[in-house]
Amino acid sequence: MVTKGKQLAITVYVRPDQLEALRRLAEHTRVPMATYLREGIDDLLVKYRREIRTKPK
């Protein structure tokens, strides 16, 4: 289920090199860093969808 609209704020810790690379990418493409972070989360959720569906033992 995809819900559009309300978004929640979270704190994420990243390495300095990750932050700098993300800043450069966002500046170069004029796409907000938050957009890339949401896309990355979406990609990981697809990658691990089987683990999400199974109940822990």
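Scroll up to find the structure this text is about.
Structure report, in brief. Here the structure is a predicted model, which is why all the values come from computation and not from measurement.

Reading the values: rules and limits
Residues numbered from 1 in each chain as written. Predicted model: local features only at pLDDT ≥ 70, side-chain atom pairs only at ≥ 80, totals over all residues. Heavy atoms only, no water. Patch = residues over 30% accessible without salt bridge, like charges linked within 9 Å, V, L, I, M, F, W, Y side chains within 5 Å. Areas by Shrake-Rupley, 256 points an atom, 1.4 Å probe, with all protein chains shown as cover. Salt bridge = Lys/Arg side-chain N within 4 Å of Asp/Glu carboxyl O. Helix = DSSP H or I, 4+ residues; strand = E, 2+ residues; numbered from the N terminus. Buried < 20%, exposed > 50% of the residue type's maximum accessible area, 1.4 Å probe, protein only.

**Topic: a nonpolar patch on the surface**
Together, Ile41, Leu44, Leu45, Tyr48 and Ile52 make up a nonpolar patch on the protein surface, roughly 480 Å² of accessible area in all. With three residues, the top contributor of residues to the nonpolar patch is helix α2 (residues 33-47). In this structure, leucine 44 sits in helix α2. For leucine 44, a relative accessible area of 47% gives the class partly exposed.

**Some words on the pattern of salt bridges**
Throughout the structure, instances matching the rule amount to two salt bridges. A salt bridge links arginine 24 to glutamate 20; the nearest nitrogen and oxygen atoms lie 3.6 Å apart. Of the two residues, arginine 24 and glutamate 20 both sit in helix α1 (residues 16-29), four residues apart, roughly one turn of that helix.

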